[in-house]
Protein chains: 2
Amino acid sequence: MTNFFSSDFTLGILGGGQLGKMLLYETRKFDIQTIVLDPSAEAPCRIACNEFTRGDLMDYDTVLNFGRKADVITFEIEGVNVDALEKLEAEGKKVYPSSQTLKRIQDKGVQKDFFSSHEIPTAAYKKCPSKKAFLEGLQKGEISLPLVWKSTTGGYDGKGVAIIKNMDAAEDLPETECIAEDLIPFKNELAVIVARNPSGEVKTYPVVEMEFHPEANQVEYVICPARIDASVAEKARKVAEKVSEAYQHVGLLAVEMFQTEEDEILVNEVAPRPHNSGHYSIEAAFTNQFEQHLRAILDLPLGETESKAGGVMVNLVGEEGYTGNVVYENISEILKLKGVTPHIYGKKITRPFRKMGHVTIVNADLSEARKIAEEVKKTIRVIS
Amino acid sequence: MTNFFSSDFTLGILGGGQLGKMLLYETRKFDIQTIVLDPSAEAPCRIACNEFTRGDLMDYDTVLNFGRKADVITFEIEGVNVDALEKLEAEGKKVYPSSQTLKRIQDKGVQKDFFSSHEIPTAAYKKCPSKKAFLEGLQKGEISLPLVWKSTTGGYDGKGVAIIKNMDAAEDLPETECIAEDLIPFKNELAVIVARNPSGEVKTYPVVEMEFHPEANQVEYVICPARIDASVAEKARKVAEKVSEAYQHVGLLAVEMFQTEEDEILVNEVAPRPHNSGHYSIEAAFTNQFEQHLRAILDLPLGETESKAGGVMVNLVGEEGYTGNVVYENISEILKLKGVTPHIYGKKITRPFRKMGHVTIVNADLSEARKIAEEVKKTIRVIS
């Protein structure tokens with residue numbers, strides 16, 4: 001086995017945002033040397049890695065030259081040049097998750113087709129190569145309102161996704177390839193993170209429950225474990241494992257799902273990386289998702305995925321009406337509450353709904369944690 | 001209140017070793033800007049802070065000039081120039097713990113006198129200004145063998161402390177001011193960490209039990225909570241709180257104690273900083289000691305000190321007979337064990353008994369955690 005610890009071994013991370021930053025805590029904990037590529041000079045990762053390179057993640061040469069300096073390459077964002085990853089693999093570099101996994105996920109149309117061809121339960125959908133084709137589909141009645149519209153590429157943090165209820169809204173959509181999905185009435189949005197290493201070891205985290213902000217289409221609370229029947233949780237875990245098995249990914253795979261009104265489980269989307277729905281694990285799980293991702297991509301034994309206590313995660317997003325140098329108002333008030341840990345991502349500028357940080361609340365009693373989470377949400381303000 | 005988060009506020013840390021490194025995880029989590037001073041270009045902190053300065057921690061001008069660049073100054077090692085800290089305080093800088101606290105602790109003779117004058121229970125002792133005075137004291141019968149010899153300054157990690165059983169050993173001691181302490185037969189060595197902020201808020205961690213390596217006089221296991229009677233634990237906590245009250249420190253104060261055969265509690269030593277006996281808290285406590293130290297010195301509300309689960313910490317020290325580039329043998333074996341998290345400090349060179357890292361084992365069942373800890377200890381080898 002390679003000696004990763006306090007050695008010359010170098011991990012390359014594509015993307016320098018908060019997910020990369022939290023992954024870097026774990027590389028420091030294990031004393032693994034890291035290099036990070038990100039387009040922003042202000043990227044949260046810039047001071048937590050051994051070497052920071054500023055560059056375009058979608059540029060073939062930039063990614064290729066960066067990757068050649070690393071022994072193992074991973075990414076914290078799907079928007080990276082996949083051809084460069086393929087070339088790196090051809091040159092013998094270890095890229096985890098692989099270019100193939102990323103190609104099957106990066107484009108939401110391809111992702112949906114992958115679900116279908118692997119009999120993974122998902123909402124019915126139609127791919128439309130253009131806005132024109134989408135509008136024609138509506139006119140011909142091949143697709144019908146209301147529906148969920150998703151841009152096949154470029155979506156992130158609620159961008160590129162919209163619930164379309166009428167023709168006016170449909171006509172206002174941007175020009176892009178898209179998918180039109182059935183709008184599923186659901187009881188809960190759930191997520192399960194599955195870790196897999198190159199040796200084939202698989203570990204599954206408990207099912208979490210996500211509560212979305214109604215306007216921003218961003219997760220507001222993540223609750224672990226989900227407050228659902230054990231049989232539904234078991235079903236959700238099995239579906240997530242099936243998805244993981246289909247992808248044969250290395251590293252983490254976050255599987256977002258709907259629990260329908262009939263307690264069916266439908267897969268919404270997957271992400272091949274540490275995920276917002278797993279942030280609670282930093283404080284609550286025996287092995288947090290970032291350490292687990294690291295274990296997985298280095299082919300180390302995977303850690304225990306169960307929780308030490310109940311966990312609720314609150315996203316801290318920029319308040320509407322504020323853009324500029326960030327101020328975390330009342331942060332000392334929330335520090336008075338029991339079991340509260342804030343995480344500040346290190347972005348200097350706040351904007352409406354920008355993910356600026358998160359707060360985890362851990363408590364032996366989950367309903368108590370949920371109450372404190374609401375108190376946190378009401379108290380702290382991310383303004384400028 | 002000052003806005004510490006994602007702002008221009010700067011925390012200065014004197015010392016760049018593993019304690020500083022683990023403190024820096026927390027400053028990154030809160031996005032607090034940091035500068036670090038350490039004599040070694042290879043200090044573990046060098047890449048985790050915003051600005052690293054290489055320099056002598058005992059040099060007046062170096063510490064003064066460094067401190068002037070920070071808004072709040074703290075230290076992770078007691079061996080720093082205390083006159084420079086006093087000068088910084090006189091210039092209006094916040095130094096936590098204060099120069100006064102450090103002066104009362106840095107010199108072990110002063111520390112013992114402080115215990116005596118504040119009626120803090122401690123082993124009987126005699127201060128000797130020189131080796132000559134120490135040997136004369138023995139000859140005159142003012143002190144008697146066996147005894148515990150401690151150098152008043154420069155002791156760290158078991159250096160500067162020795163159990164002296166005969167005159168030959170006494171004569172082999174180095175030339176230095178020292179104290180001669182009664183050798184107390186004890187059942188257990190215990191420790192309690194107390195946090196205190198400038199507003200006077202105080203929080204006390206549970207009592208931990210320390211098992212020492214017989215040869216190196218270094219802690220081998222730390223067990224939380226200590227497996228002792230509740231009444232003894234309560235007494236130990238009360239003694240620690242009395243010590244904390246006496247010092248009026250800001251930040252953490254680690255209080256090491258003996259539980260005598262008669263269940264008396266005697267204070268052995270104190271350290272005004274995060275402490276090896278609190279490392280278990282990273283995984284096991286609701287608020288880890290490093291986050292707590294940060295909360296304390298920034299006058300933020302203190303966090304919950306209780307544990308989410310039982311925790312055992314194993315120190316990883318360099319194996320005897322190996323000096324050179326470190327290799328952590330069998331680390332992947334220990335990662336297979338339940339609830340195991342290794343921390344690698346980032347020192348490239350191993351030496352016999354050098355503290356290279358630690359491993360935490362967390363388990364709902366403490367005796368299970370203790371068993372796994374032994375397995376860890378038997379399996380991993382820090383060699384070159």
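Just so it is clear, the model here is predicted, and its values are computed rather than measured.

Here we look at the relation of the copies chain A and chain B
- Expressed as a screw transformation, the operator carrying chain A onto chain B has a rotation angle of 180° and an axial translation of 0.0 Å, and the superposed copies differ by an RMSD of 0.0 Å. Such a turn and shift between the copies fits a two-fold axis. For chain A, the minimum C-alpha distance to the rotation axis belongs to Ala48(A) and amounts to 2.6 Å.
- Interface residue correspondence from chain A to chain B reaches 100%, placing this contact among same-surface, isologous pairings.

Examining the environment of Gly137(B)
Residues and elements named next belong to chain B.
- Within the fold, Gly137 resides in helix α6 (residues 131–140).
- Residue classification places Gly137 among the buried residues on the basis of a relative accessible area of 2%.
- Sequence separation of Gly137 and Lys126 is eleven residues, and the distance between their C-alpha atoms is 9.0 Å.
- Filtering out sequence-adjacent residues up to four positions away, Gly137 remains in contact with Glu142 and Ile143.

Let's talk about the packing of helix α3 (residues 82–90) of chain B against helix α4 (residues 99–106) of chain B
All names here are of chain B.
- Between α3 and α4, the least distance of the axes is 9 Å, while the angle of their chain directions is 160°. One way to sum up the angle between α3 and α4 is to call them roughly antiparallel. Where α3 crosses over α4, the handedness of that crossing is left-handed. Here Val82, Leu85, Glu86 and Glu89 of α3 lie close against α4, whose contacting residues are Ser99, Leu102, Lys103 and Gln106.
- For the contact of α3 with α4, a count of residues per class yields three nonpolar, two polar and three charged.

Re the sheet that holds strand β6 (residues 125–128) of chain B
Residues and elements named next belong to chain B.
- Strand order in the open sheet formed by four strands is β6-β9-β7-β8, and the pairing between neighbours is antiparallel. If you trace the sheet from one side to the other, it starts and ends with β6 and β8 (161–164), each paired once. With strand direction ignored, the average angle separating the axes of adjacent strands in the sheet is 20°.
- Bridging between β6 and strand β9 (residues 178–182) involves four bridges; their strand directions are antiparallel. Within the sheet, the bridge partner assigned to Lys126 lies in β9 and is Ala180.
- Contacts from helix α5 (residues 108–117) reach β6, β7 (147–151), β8 and β9 within the one sheet, and its direction differs from that of β6 by about 145°.

Conventions used here
Residues numbered from 1 in each chain as written. Chains lettered and ligands numbered in written order. Predicted model: local features only at pLDDT ≥ 70, side-chain atom pairs only at ≥ 80, totals over all residues. Heavy atoms only, no water. Least-squares fit on C-alpha atoms with pLDDT ≥ 70 in both. Contact = heavy atoms within 4.5 Å. Helix = DSSP H or I, 4+ residues; strand = E, 2+ residues; numbered from the N terminus. Buried < 20%, exposed > 50% of the residue type's maximum accessible area, 1.4 Å probe, protein only. Axes fitted to C-alpha atoms, helices over the stretch in contact; angles between N-to-C directions. Parallel < 35°, antiparallel > 145°, perpendicular 65-115°, else oblique. Left-handed = near helix turned anticlockwise from the far one by under 90°. Nonpolar A, V, L, I, M, F, W, Y, C, P; charged D, E, K, R; others polar. Pairing = 2+ DSSP bridges.

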